[in-house]
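# Architecture at a glance
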Amino acid sequence: MSLLQVDNVSRQFGSLVAVQGVSMSVAAGELRAVIGPNGAGKTTLFNLISGFFPPTSGRMTFDGRDVTRLPPHRRVAIGIARTFQITEVFPDLTVAENLRIAVEAAAGYRLRPWLSQRAAREVRDRVDALLELGSLGAKADRPIAELPHGDQRATEIMMALALRPRLLLLDEPTAGMGDQETYDITRLVRRLHQDRELSIVLIEHDMRVIFHLADRILVLAEGKVLAEGTPAEIAADERVQAAYLGKAA
Amino acid sequence: MKALAGRYVDLAIWLGLATLPYWIGAAGGYTSLGTRVVVMALAATALNFLLGFTGVLSFGHAAYFGLGAYGAGMTIKYLVPSTGLGILVGVAAGTAAAAIVGALIARLRGVYFAMVTIAFGQVFYFIAFRWNAVTGGDDGLSGWRRLPIDLGFGSIDILGNDQAFYYLTLAGFAVAVAVMAALLRSPFGRSLLAIRENERRARFLGIPVEQHIWLSFVVSCFFVSLAGALYALLNNFADPHDLRWDQSGDFVIMAVLGGMRTFWGPLVGAAIFVVLQDYLSTLTDNWMSLIGVFFILVVMFFPRGVLGMLRRRKATS
Amino acid sequence: MTQLFLFNVFNGLIIGAFYALMALGLSLILNLSGVINFAHGGFLAVGGYLAYTLMPFIGFWGALAVAPLLTALIGLLVEFVLIRRLYGRDPLYSLLLTFGLAFILEDGTRYIWGAATVPFDIPDWMTTALSDQFFFLTGYRLFMVLLVFAAVAALFLLLNKTRLGLRIRAGSGDLETVSALGVNVRVLRNLNFGLGIYMAGLAGVLAAGMLGLQPTIGSALIMPSFIAIIVGGLGSLPGTLLGGLLIGVASGVVTVFFPSASEAVIYVMMGVVLLVRPRGLLGEEGRVQ
């Protein structure tokens, strides 16, 4: 049973066709990697799935429900959460405050002018749990802008997790990171996938990360699907090697 | 430690305001100048709810301030001679207008939002200016005055007694400020902060940004129109100038001058600005130029505001 | 009735041409530098008063040629000393700065030239009506409209055919790229600001000939210019031109039927545009957000 179904989706910006007739089916519990050279339309595809803008044509369903034109906040409500290629957090606030906003939004408290003692305690507990999961406990009260990039990224992923998503979209989570940070994030993603059986779609450039994590890989080039398959199949695919791996190496 | 220091600051501010009529004379002022500071501080704090804590640039708040003023004045003059009802109608008029305008502009951002708020702000100025027979046009709405507040068992004379009116204003200020502070500490306030900090992230946490900006705009204008109503009562007069673009600019400069990232900043800014304006206008006819120069100096040299700078200095020392 | 109608439509066209001239200058500055120049009306007044002062010495035509240039020079100076320090900061600050400038310019003109309206003499032959039937069609009014259109045509020619113009247009779309191509962005913004202010100054001289001069003339004309930009669409100069003419003519037509609503109608138009098409008639998608 597929959780996310993308059917023949296209998106045009003026005369530029960023994504053209892309279809993809992500099963519940699957970890899907999306790869492709720069400008292949990976981030545009993410923006379409998360509702940043609607597709020019095509259709998307999530858990059997048509989400093609649903605004972002409604998609979050039914379980689609994302991170961004350039980390998007609340820079002036502390790590704990960042998480707290996410937790309260997820709990449906965003309009509440006050919280009961019990609700406030639940929020606190949830924030603490996320801090621990992301190994951020020691940095909870530091303004996030002061922290290294890896910690900011981890916080962003925890904020997405705070929304209790059923599908997590990660846009190049290891971009611009050193080896240790890359390793930490990779381990975190694998834990989320294996221990929590979370469905994840991941854009990534680092081939080590992809072949280590992905169940299936979708290869995009010039806005179209070039190939799709298991890591072994993709590694053996000549077109992919010619169009992408060859170029990257 | 930090919270404790904050509590001392709060205490000092409330003490100062509560005793103001007893020391302002010695400081060279007069009670109704104090009232004006409190009214303007209320307006600037309300604007800053939007400006500093939601990150939305409104340059048209004078419109709602003026609607509060005219609403109160016209009610007392034409409908019912009741101070309380005047305030109520003024606030209702300002808030209703804000709800409509806010719905039109909540989708806009940045400079564009600012420009549209300025333009909409002038609508009400033109109405007041043109609708001579009712609003008094350019001369303003006069021929009415605030009336004693009837409490059933007795009444408070706020007309003849400047001090009584000061405390009425302070009570309004205290309630409004307490409500805004509570809102900012609530999940709702944190959603607004999230929008200020990073709109895109907020949206993808499931916060419907437009709805929240609209709400913040309406809350802000609710309190601004309360300030406007109190201002008209203070002067026993509603001035079309209260609705004009330069009044909007004054509110913004008060917030910036005091420090728009701090809660008490607008109060500090309002106190400095009102006193300075009062002083300059006795000194020279060209005080408008001096205020203009003051705007430029603030922007160039104090962009973080007085409290913003103090906080920064403390953080670095 | 026809005559009255034509009178008001023509009047609206004149007013609209005015708004457009002001708004185009504002738009230029806004598009390239992200600054809402609230002092634009103040510069307009300065242009008018400078022409008034110069006229006894160099005559109407001389003043018409020189006053806008002097105004632009003041604009260049203001940009150089003050405004350029605020590029890249929250637009709040540049807006506050131009607010302050607007105060200074309005009060300064009042200080120098007085608060009362001063008459502004135009050549005699321009004040007579061109025909008895169309009494409203004086030479000056016709001249004004023609001059505004000539100025607008010259502006668009400049933007499309000269190197400076191409750079301004390219920079309004993507300043970083233009900067990376080796264009001196500081100079570009400075000249662009001067160009915008030149148009304000020109509008000032023309307005003075029709309305006479008083210190508040600028702040009365600036709001409709904002609305022209909003209606026409942010980021589009043709949109701004269209917006200006449209609101001018609309307020002219409404004057025929409901004189007291002539100002209200432009606000209503703004409301409708924001409701139906928030980016404005010819506005670029995504620019408002």
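On a predicted model such as this, the values are computed, not experimentally measured, just so you know.

## Overview of the domain arrangement of chain A
Residue and element names in this part refer to chain A. Taken domain by domain, chain A comprises domain 1 (1-79 + 165-249) and domain 2 (91-163). Taken together, the contact pairs ten residues of domain 1 with seven residues of domain 2. For the side of domain 1 that touches domain 2, the element with the highest residue contribution is helix 6 (residues 179-196), accounting for four residues. Class assignment of the residues belonging to the side of domain 1 that touches domain 2 gives a composition of seven nonpolar, one polar and two charged.

## Focus: the arrangement of the chains
With two pairs of chains in contact overall, the greatest share of contacts is found between chains B and C. Separated in space, chain A and chain C share no contact, their closest pair of C-alpha atoms being 10 Å apart.

## Looking at the interface of chain A and chain B
If you look at the interface, chain A gives 27 residues, while chain B gives 18 residues. Counting residues per element, the side of chain A that touches chain B draws most heavily on helix 3 (residues 95-106) of chain A, which supplies six residues. The residue inventory of the side of chain A that touches chain B, partitioned by class, reads 18 nonpolar, two polar and seven charged.

## Observations regarding the interface of chain C and chain B
In this assembly, 35 residues from chain C lie in contact with 35 residues from chain B. Elements supplying a minimum of two residues to the side of chain C that touches chain B: helix 3 (91-113), helix 9 (217-232) and helix 11 (264-276) of chain C. The element that contributes the greatest number of residues to the side of chain C that touches chain B is helix 3 of chain C, accounting for 15 residues. Here the residues of the side of chain C that touches chain B sort into 25 nonpolar, six polar and four charged.

## A few points about the pairing of strand 7 (residues 167-171) of chain A
Residue and element names in this part refer to chain A. With five of five residues buried, strand 7 is to be regarded as a mostly interior element. Of the two faces of strand 7, the one holding Leu-167, Leu-169 and Asp-171 and the one holding Leu-168 and Leu-170 are both buried throughout. Inspection of the sheet shows strand 6 (residues 80-82) paired to strand 7 by three bridges, in the parallel sense. Across the sheet, the residue bridging to Ile-80 is Leu-167, located in strand 7. For the crossover that starts at strand 7, traverses helix 6 and ends in the parallel strand 8 (residues 199-203), the hand is right-handed.

## A closer look at the nonpolar core
Counting residues in each nonpolar core, the largest one holds 277 residues, and the members touching the most others are Leu-99 of chain A, Leu-42, Ala-43, Leu-205 and Ala-227 of chain B together with Leu-21 of chain C. By residue number, the principal contributor to this core is helix 11 (residues 209-235) of chain B, which donates 18 residues. Two domains each provide a minimum of three residues to this core, namely domain 1 (1-79 + 165-249) and domain 2 (91-163) of chain A. Sequence-distant contacts of Ala-227 of chain B, that is, excluding residues within four places in its chain, are made with Val-39, Leu-42, Ala-43, Ala-46, Phe-65 and Gly-68 of chain B.

## Remarks on the packing of helix 12 (residues 245-258) of chain B against helix 13 (residues 265-283) of chain B
Residues and elements named next belong to chain B. Two numbers describe how helix 12 lies on helix 13: the axes approach to 6 Å, and their chain directions differ by 115°. Remark: the crossing between helix 12 and helix 13 carries right-handed chirality. Contacts between helix 12 and helix 13 involve Asp-250, Ile-253, Met-254, Ala-255, Val-256, Leu-257 and Gly-258 from the first element and Gly-265, Pro-266, Leu-267, Val-268, Gly-269, Ala-270, Ile-272 and Phe-273 from the second. Considered class by class, the residues forming the contact of helix 12 with helix 13 number eleven nonpolar, three polar and one charged.

## Structural notes on the sheet that holds strand 7 of chain A
Residues and elements named next belong to chain A. One open sheet accounts for six strands, arranged 6-7-8-3-9-10; its pairing is mixed. Looking at the sheet topology across the chains shown, the edges are occupied by strand 6 and strand 10 (224-229). With direction set aside, neighbouring strand axes in the sheet form an average angle of 20°.

## Description of helix 6 (residues 110-130) of chain B
Between its terminal C-alpha atoms helix 6 of chain B stretches 31 Å, which fits the 30 Å expected from 21 residues at 1.5 Å a residue. Helix 6 of chain B sits mainly inside the fold: 17 of its 21 residues count as buried.

## Examining the sheet that holds strand 4 (residues 57-62) of chain A
Residues and elements named next belong to chain A. Overall, antiparallel pairing links the four strands, which are arranged 2-1-4-5 in an open sheet. Unpaired on one side and paired on the other, strand 2 (16-27) and strand 5 (65-66) mark the two borders of the sheet. Of the pairings in the sheet, the one linking strand 1 (residues 2-13) to strand 4 comprises five bridges and is antiparallel in character. Across the sheet, the residue bridging to Gln-5 is Thr-61, located in strand 4.

## Details of unusual backbone geometry
With glycine set apart, most residues show a phi of negative sign, and most peptide bonds adopt trans. Residues and elements named next belong to chain A. Phi angles above zero are rare outside glycine, and Asn-8 is one such case at about 50°. Examined against the element boundaries, Asn-8 turns out to sit in strand 1. Of the residues examined, Asn-8 has 12 C-beta atoms within 10 Å and is grouped as exposed. Phi is positive for Glu-222, which is not a glycine, with a value near 50°. Summarising the element assignment, Glu-222 is placed in the loop between strand 9 (216-221) and strand 10.

Conventions used here
- Residues numbered from 1 in each chain as written.
- Chains lettered and ligands numbered in written order.
- Predicted model: local features only at pLDDT ≥ 70, side-chain atom pairs only at ≥ 80, totals over all residues.
- Domains from an automatic or database assignment.
- Contact = placed C-beta atoms within 7 Å.
- Helix = DSSP H or I, 4+ residues; strand = E, 2+ residues; numbered from the N terminus.
- Nonpolar A, V, L, I, M, F, W, Y, C, P; charged D, E, K, R; others polar.
- Buried ≥ 20, exposed ≤ 12 C-beta atoms within 10 Å, placed from the backbone.
- Pairing = 2+ DSSP bridges.
- Right-handed = clockwise from strand over helix to strand, strands pointing away.
- Core = buried A, V, L, I, M, F, W, Y, C linked by C-beta atoms within 7 Å.
- Axes fitted to C-alpha atoms, helices over the stretch in contact; angles between N-to-C directions.
- Left-handed = near helix turned anticlockwise from the far one by under 90°.
- Expected span 1.5 Å × (residues − 1).

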